[in-house]
Amino acid sequence: MNTRTSSDRPARRAGPEAQIPPDLFRQVFRHWPSGVAIVTSRLAGERRGMVVSSLCSLSAEPPLIAFSARRETRTHRVVEASGVFAAHLLGQDQVDLLRRFAGLDRVHDDERFAGVATIAAATGAPILPDAVAWIDCQVVDRLEGAGFTLFVGEVLAAALGSQADDPPLLYLQRTLRRLGPAIG
Ligand SMILES: Cc1cc2nc3c(=O)[nH]c(=O)nc-3n(C[C@H](O)[C@H](O)[C@H](O)COP(=O)(O)O)c2cc1C
């Protein structure tokens, strides 16, 4: 596994005095729509999972995906230690699952997997088969930033889930949304 830190990079970064205000950064990215996914992992008997909007596809050959995890999340700790994760694409009717794995549903905060069906595929990370699709990965690279890690996963197994016919759940302007009609 490769690990890069900010100190490895060439000195092309602007100094703190040139950084844009965080509010402006957030304001700009609120205009970038994304899907939402749940990333899960397992370390021995401990299962963790959280909602991410930072999931992206990097390459089909070789099959690589990536997501960013804030370092204080429990899922970050378990992915870092286990070196495996599974990503699950959510459908428009899975808002309850999203709330649970984003920690917005206090009842389930420490028991996010209670009553949720799981299976194991290649890596042993808990797979939620009732998603639109799932992707089981081994961590092959990491980029360490200030307060977050970008984990790059090689896809060892993937499949459509039981909700594969559902349109995706979307996130834009801090709001969950449904897909509109195709225009092009
Ligand atoms: C729409 C949405 C997108 C999110 N995307 C991310 C993300 O990309 N990375 C991240 O670290 N947290 C993200 N979060 C926050 C985590 O899901 C949340 O902090 C979670 O409770 C962490 O759980 P854990 O500490 O049990 O791992 C997102 C939350 C929401 C609602």
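Residues numbered from 1 in each chain as written. Predicted model: local features only at pLDDT ≥ 70, side-chain atom pairs only at ≥ 80, totals over all residues.

### As for the site of the ligand
Thinking step 1. Looking at the ligand, there are 16 residues lining it, with Val52, Ser54, Thr73, Thr75 and Gly103 nearest.
Thinking step 2. At the level of elements, β4 (46-52), β6 (64-70) and α2 (74-82) are the ones that each hand at least two residues to the shell around the ligand.
Thinking step 3. The element best represented in the shell around the ligand is β4, accounting for four residues.
Thinking step 4. Partitioning the shell around the ligand into residue classes produces seven nonpolar, six polar and three charged. (Near = placed C-beta within 6 Å. Helix = DSSP H or I, 4+ residues; strand = E, 2+ residues; numbered from the N terminus. Nonpolar A, V, L, I, M, F, W, Y, C, P; charged D, E, K, R; others polar.)

### A few points about the environment of Asp166
Thinking step 1. Note on placement: Asp166 falls in the loop between β11 (148-160) and β12 (170-172).
Thinking step 2. We classify Asp166 as partly exposed; it has 17 C-beta atoms within 10 Å.
Thinking step 3. When the C-alpha atoms of Asp166 and Val132 are compared, they prove to be 6.8 Å apart, with 34 residues separating the residues in sequence. (Buried ≥ 20, exposed ≤ 12 C-beta atoms within 10 Å, placed from the backbone.)

### With respect to the sheet that holds strand β13 (residues 175-177)
Thinking step 1. Here we have three strands laid out as an open sheet, ordered β2-β12-β13, and antiparallel in their pairing. Edge positions in the sheet fall to β2 (34-35) and β13, since each has one partner strand and no second.
Thinking step 2. Summarising the sheet, β12 and β13 pair through three bridges and their orientation is antiparallel. Its bridge partner being in β13, Tyr171 is matched across the sheet by Leu176. (Pairing = 2+ DSSP bridges.)

### A few points about unusual backbone geometry
Thinking step 1. The omega torsion across Glu61 and Pro62 is 0°, close enough to zero to call that bond cis.
Thinking step 2. Counting through the fold element by element, Pro62 comes out in the loop between β5 (56-59) and β6.
Thinking step 3. Positive phi is not limited to glycine here, since Ala44 has a value of about 50°.
Thinking step 4. Positionally, Ala44 belongs in the loop between β3 (37-43) and β4.
Thinking step 5. One non-glycine residue, Arg174, lies in positive phi territory at about 60°.
Thinking step 6. Tracing the backbone through its elements, the reader meets Arg174 in the loop between β12 and β13.

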